[in-house]
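# Observations on the model geometry
The chain contents come next:
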Amino acid sequence: MLSRTTVIVLGLLVSSAALADHEHWGGHHGHHHHHGYDRPMYREDVIYYQPAPVVEYVPVPRYYAPPPPPVYYGYDQRSPQGLLGGMVGSAMGYQLGNGDPIAAGIGAAAGALLGNGMY
């Protein structure tokens, strides 16, 4: 037991002496090799660079014209005469076409055209 205590005390004394090296803070890993000469410690070169100029890209101003006003072709072409002509033409086309919807549509278009006076 006494020899174990002696080894521990001697180990603590030697380890504190090994950590008394002040030249290499934090970078010392327990191995220190001297090659017969003591080299001087130099500060590394600090190179200062001019910061790059800040380039601000501004978009080219563009002119956005408002949309053109809507073009109205004359007057409102709907009329009660055209509605009535479409209804009569649809009924006649339906009767003459024996219930065919295409004939009713053609008759409605013809009746509306005639009712609006576009003949």
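Residues numbered from 1 in each chain as written. Predicted model: local features only at pLDDT ≥ 70, side-chain atom pairs only at ≥ 80, totals over all residues. Heavy atoms only, no water.

Per an unreviewed UniProt entry, the protein goes by the name Glycine zipper 2TM domain-containing protein and belongs to Methylomonas albis.

For the protein, the helix and strand inventory stands at 3 helices and 0 strands. Helices and strands in the protein line up, N terminus first, as α-α-α. Of the roughly 11,900 Å² that the protein leaves accessible, carbon and sulfur atoms contribute 65%. (Helix = DSSP H or I, 4+ residues; strand = E, 2+ residues; numbered from the N terminus. Areas by Shrake-Rupley, 256 points an atom, 1.4 Å probe, with all protein chains shown as cover.)

The subject of this paragraph is helix α2 (residues 80–96). In this model, α2 (17 residues) spans 24 Å end to end at C-alpha, consistent with the 24 Å of a helix rising 1.5 Å per residue. Taken together, the buried positions of α2 are Gly-82, Gly-85, Gly-86, Gly-89 and Gly-93. Looking straight down α2, one finds its buried side chains confined to an arc of 105 degrees; they lie on one side. α2 presents Pro-80, Leu-83, Leu-84, Met-87 and Gln-95 as exposed residues on the side facing more than 90 degrees away from its buried surface. (Expected span 1.5 Å × (residues − 1). Buried < 20%, exposed > 50% of the residue type's maximum accessible area, 1.4 Å probe, protein only. Arc of directions from axis to C-beta.)

Packed helix pairs are specified by the crossing angle of their axes together with the interaxial distance, meaning the distance between the axes. Orientation of α2 relative to helix α3 (residues 101–115), taken along the N-to-C sense of each, is 150 degrees, at an axis distance of 6 Å. Taken together, the axis directions place α2 and α3 in an arrangement best described as roughly antiparallel. Relative to α3, α2 is oriented so that their crossing is right-handed. Residues Gln-81, Gly-82, Gly-85, Gly-86, Gly-89, Ser-90, Gly-93 and Tyr-94 of α2 lie in contact with α3, whose contacting residues are Ala-103, Ala-104, Gly-107, Ala-108, Gly-111, Ala-112 and Gly-115. Of the residues assigned to the contact of α2 with α3, the class counts are 5 nonpolar, 10 polar and no charged. (Axes fitted to C-alpha atoms, helices over the stretch in contact; angles between N-to-C directions. Parallel < 35°, antiparallel > 145°, perpendicular 65-115°, else oblique. Left-handed = near helix turned anticlockwise from the far one by under 90°. Contact = heavy atoms within 4.5 Å. Nonpolar A, V, L, I, M, F, W, Y, C, P; charged D, E, K, R; others polar.)

This paragraph deals with α3. If you check α3, its first and last C-alpha atoms are 21 Å apart, about what 15 residues at 1.5 Å a residue would give, namely 21 Å. For α3, the set of buried residues is Ala-104, Gly-107 and Gly-111. Down the axis, α3 shows its buried residues gathered within 65 degrees of arc, on one side only. Every exposed residue of α3 that faces more than 90 degrees away from the buried side is listed here: Ile-102 and Ile-106. In this structure, the buried side of α3 is in contact with α2. Positive phi shows up at Gly-117, right after α3, with a value of about 80 degrees.

With that out of the way, let us pick up the environment of Leu-114. Examined against the element boundaries, Leu-114 turns out to sit in helix α3. Residue class for Leu-114 comes out exposed when judged on its relative accessible area of 56%. Separated by 28 residues in the primary sequence, Leu-114 and Gly-86 place their C-alpha atoms 8.5 Å from one another.

Turning our eyes to something else, we now look at a nonpolar patch on the surface. Residues Val-9, Leu-10, Leu-13 and Val-14 make up a contiguous nonpolar surface patch of about 380 Å² in total accessible area. Here Val-9 lies in helix α1 (residues 2–18). (Patch = residues over 30% accessible without salt bridge, like charges linked within 9 Å, V, L, I, M, F, W, Y side chains within 5 Å. Salt bridge = Lys/Arg side-chain N within 4 Å of Asp/Glu carboxyl O.)

The topology assignment puts Ala-112 in helix α3. A relative accessible area of 24% means that Ala-112 is categorised as partly exposed. As for Ala-112 and Ser-79, which are separated by 33 residues in sequence, their C-alpha atoms are 9.3 Å apart. Among all residues touching Ala-112, those that are not within four sequence positions of it are Gly-82, Gly-85 and Gly-86.

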